[in-house]
Amino acid sequence: MSQEMTDSIDAMGELQALIESGDGEAIATFLRLLPPEDTVYTLSHLSNDLRNTLFERLSSAAPELGADLLEHFVDEYAASVIEQLAPAQAAALVDEMDSDEQADVLAELEPEHAEAILKAMDPEEAQDARDRMVYDDDVAGGLMITECLVYHETQTVAQVTADLHEHAEEYGEYEVRYVYVVDEHEKLTGVVPMRSLVLVPSNREIRSQQVRNPVTVDAKASLDDLHDLFDRVDFSAVPVVDQDGVLLGVVQRAAVHEAIGERETDQFLKFGGIIGGEELRSMPVLSRSARRLAFLLPSVVLSSISVTVILLFEPIIAKITLLAVFLPLVANLSGAAGNQAVAVSIRELALGVTMPRDWRQVGRKEVLVGLINGLIIGLVLGLVTIGFAWFSHLTTGKEDQHAGMLLLGLVVMLAYTFNSVLSVFLGGTIPLLLKAMKLDPAMASSPLLTTLSDMGSFLLTLTLAYLLILGLGG
C-alpha cells in the first residue's frame, strides 16, 4: 500500500474519531491543517451520517470553515448536505457563503426547505439571496457577487480610506480591485481603481477620481454575452446594473470562466446520459438511480423501434447468417461517426459560431466528410467481411457462403458508406434542429442519433443484401 493511500486512510480515521467525540473546535483545527488536496477526498469518503454530524458541529464551532468546505463541492452535493441539517444549522453555514454560492445552493433545495433556511438567516443576507434567486444561474444576475466596495459620490477620499482600514479584515476577502461610486439614488456613476485612492489629497470627493461611464452589464445579460465582453475588455470584474442603472453587484471574469467550464461539463454529462446535473458517487443512491433512469428508459423505447427493422428482414438473416455478425458492427461504427458530428455541432453552438438556421450548410459539409470516411472505412469493412466469409467457408464448407462472399463484402462496404453519410448528416444537424425547438441538444441528440443511425444501418444492410445477394445470387 502506498504512503499516500496510508496517509488518506489515517486522516479519515482520525477525522472520524474527532466527529464521534463531538469536539467541533478540534474538528475545525484538524480540517484547517489537512492539506487542501486531501480535504475533498477525505470528506467524500465519510459515511452520510458522519458527514452530516461533521457539518452540524461546524455550524456552531466554525461556520465560516463549513461554508468554505461546501463551496469546494458542486452545488448539488452542497445542497444534499444542507438539506440534512436543521434550518438554524443550515442557515449558519449559508450565511457565511459567498453571495453567488448562497443563491446557487438554495436553488437546489425544495422551495419550502429553502424558505425555512432563509427565515433563519441574517435578514440582510436572506434578502440578498432572495434577490439573486430570481435570476437564472447563467446570466449576470445569477453570477454576480454583492460583496463589493460601494461609496456615495460625495464621500471624501479620507472617509473612504478610513472605512477601508476599519473593515480591512472583512474587505480583504473581497476579490475586487475597484471602488464603485453611486449617487443618492444608488445609481452607478463611476469606478475608481483602488490604487488611485493613495495618490490624491484626502479631502477630495471620491467622484473626482472616478472613471465615468464605465463598462456595465445588464442583470439579464447571458453567459455568452459576458464571455464575449471579457474577451474584449481587460477587466477583472464588471458592475451589474438594472434597467434604471442601479448598481446590483459585480460579475467577475473568473466567475464567467468557471460558469463556461461548468456548462461544458454539464453538456458532457448529458451527452453521456447523466441529465439531472452533476453526479458524485457520494450522493444518495436513489437520487443517482433516478437521474440515470431519466435517460435510460426513453432509450429503451427508441432502441426498440430500431430493432423492429431486423424483424422485418428475419428471412434474409436466416439465409445469410453472417449478416447477424456484421449488422451491429456497421451500426456501431456509423453511430461513432455520427457522434463525432454531434460533438462538433454542440461545441460550435456553445461558441456561437453556428446557429440553428445554418443546418443546411452544416449538413452539406458533413456529407462530404462522411462520404470520404465512409468509402475508406467501408472498404476496410468489406475486406474484413470477405475474410470472415472465407474463414466460415473453410470451417463449415457451406457452398452458399463461399459463392456469396464477395457480394457480402460489397453489401457491408456499401451499407457502411451510405450510412456513414446519413449518420454524420444527422449528427451535424440534429443538435441545431433541437436548439431551434428550444430543446437541449446535449441531452437529446445522442439517443435520437443512435436510434436513427441504427435504423438506417439495419435497413441499408438488409436491403442491399436482399437486392445484391438474394437478387443477383439467387
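The structure under discussion appears in the preceding block.
Residues numbered from 1 in each chain as written. Predicted model: local features only at pLDDT ≥ 70, side-chain atom pairs only at ≥ 80, totals over all residues. Heavy atoms only, no water.

**Brief notes about the overall build of the chain**
- Looking only at helices and strands, the chain has 22 helices and 7 strands in total.
- Pairs at least 24 apart in sequence give 68% of the contacts found in the chain among residues at least 6 apart. (Helix = DSSP H or I, 4+ residues; strand = E, 2+ residues; numbered from the N terminus. Contact = heavy atoms within 4.5 Å.)

**Thoughts on the pairing of strand β1 (residues 149-152)**
- Alternating positions in β1 separate cleanly, Leu 149 and Tyr 151 being buried on one face and Val 150 and His 152 remaining unburied on the opposite face.
- The pairing of β1 with strand β2 (residues 178-182) spans 4 bridges and is classified as parallel. When the bridges of β2 are listed, His 152 appears paired with Val 182. (Buried < 20%, exposed > 50% of the residue type's maximum accessible area, 1.4 Å probe, protein only. Pairing = 2+ DSSP bridges.)

**Some words on the pattern of salt bridges**
- In total, this model carries 4 salt bridges according to the counting rule given.
- Taking the shortest distance from any N to any O, the salt bridge between Glu 153 and Arg 207 comes out at 3.9 Å. Taken together, the residues span a long stretch of sequence, with Glu 153 in the loop between β1 and α12 (157-166) and Arg 207 in the loop between β3 (188-193) and β4 (211-212) at a distance of 54 residues.
- One continuous salt-bridge network, built from bridges that share partners, spans Glu 153, Glu 205 and Arg 207. (Salt bridge = Lys/Arg side-chain N within 4 Å of Asp/Glu carboxyl O.)

**A short note on the side chain of Asp 104**
- Mapped onto the secondary structure, Asp 104 falls in helix α8 (residues 99-107).
- Within the buried set, Asp 104 has no salt-bridge partner at all; the shortest N-O distance to an opposite charge, 5.0 Å, is to Arg 132.
- Asp 104 has contacts with Asp 75, Asp 137 and Gly 142, leaving out every residue within four places of it along the chain. (Lys, Arg positive; Asp, Glu negative; His and termini not counted.)

**Topic: the side chain of Ser 457**
- Structurally, Ser 457 can be placed in helix α22 (residues 441-473).
- Looking at Ser 457, the relative accessible area reads 1%, which means it is buried.
- Beyond its immediate stretch of four places on either side in the chain, Ser 457 contacts Val 330, Ala 331 and Asn 419.

**A short note on a negative patch on the surface**
- Residues Glu 108, Asp 136, Asp 137, Asp 138, Glu 258 and Glu 262 make up a contiguous surface patch of negative charge.
- Mapping Asp 138 onto the fold places it in the loop between α10 (123-133) and α11 (140-143).
- The class for Asp 138 is partly exposed, based on a relative accessible area of 38%. (Patch = residues over 30% accessible without salt bridge, like charges linked within 9 Å, V, L, I, M, F, W, Y side chains within 5 Å. Areas by Shrake-Rupley, 256 points an atom, 1.4 Å probe, with all protein chains shown as cover. Charge placed at Lys NZ, Arg CZ, Asp CG, Glu CD.)

**Here we look at helix α18 (residues 323-351)**
- End to end, α18 covers 42 Å across 29 residues, agreeing with the expected 42 Å (1.5 Å per residue, within 8%).
- One or two steps after α18, the chain reaches Gly 352, where phi turns positive at roughly 80°. (Expected span 1.5 Å × (residues − 1).)

**Comments concerning the environment of Met 437**
- Structurally, the position occupied by Met 437 is in the loop between α21 (405-436) and α22.
- By relative accessible area, which is 55% here, Met 437 ends up exposed.
- Between the C-alpha atoms of Met 437 and Pro 356, which are 81 residues apart in sequence, the distance is 9.2 Å.

**Some details on the packing of helix α9 (residues 111-120) against α10**
- Across the interface, α9 lies against α10 with an axial gap of 8 Å and an inter-helix angle of 145°. Contacts between α9 and α10 involve Glu 115, Leu 118 and Lys 119 from the first element and Ala 126, Ala 129, Arg 130 and Met 133 from the second.
- Considered class by class, the residues forming the contact of α9 with α10 number 4 nonpolar, no polar and 3 charged. (Axes fitted to C-alpha atoms, helices over the stretch in contact; angles between N-to-C directions. Nonpolar A, V, L, I, M, F, W, Y, C, P; charged D, E, K, R; others polar.)

**Examining the pairing of strand β7 (residues 247-252)**
- A large share of β7 lies buried, amounting to 5 of its 6 residues.
- Bridge analysis of strand β6 (residues 237-241) against β7 gives 5 bridges, and the strand direction is antiparallel. Each residue of the ladder has a partner; that of Ala 237, found in β7, is Gln 252.
- Here β6 folds back onto β7, and the loop between the two strands holds 5 residues, one of which, Gly 245, carries a positive phi near 85°.

**Examining the sheet that holds β7**
- Overall, mixed pairing links the 3 strands, which are arranged β5-β6-β7 in an open sheet. Single-partner strands in this sheet number two, and they are β5 (217-218) and β7.
- Bridge count for β5 against β6 is 2 bridges, and the pairing is parallel. Bridging across to β6, Asp 218 finds its partner in Val 241.

**What to know about unusual backbone geometry**
- One non-glycine residue, Glu 186, adopts positive backbone phi at about 70°.
- Mapped onto the elements of the fold, Glu 186 is located in the loop between β2 and β3.
- Note on Glu 186: relative accessible area 34%, which makes it partly exposed.
- Look at Asn 213: it is not a glycine, yet its phi comes out positive at around 50°.
- With respect to the helices, strands and loops of the structure, Asn 213 is situated in the loop between β4 and β5.
- Note on Asn 213: relative accessible area 73%, which makes it exposed.

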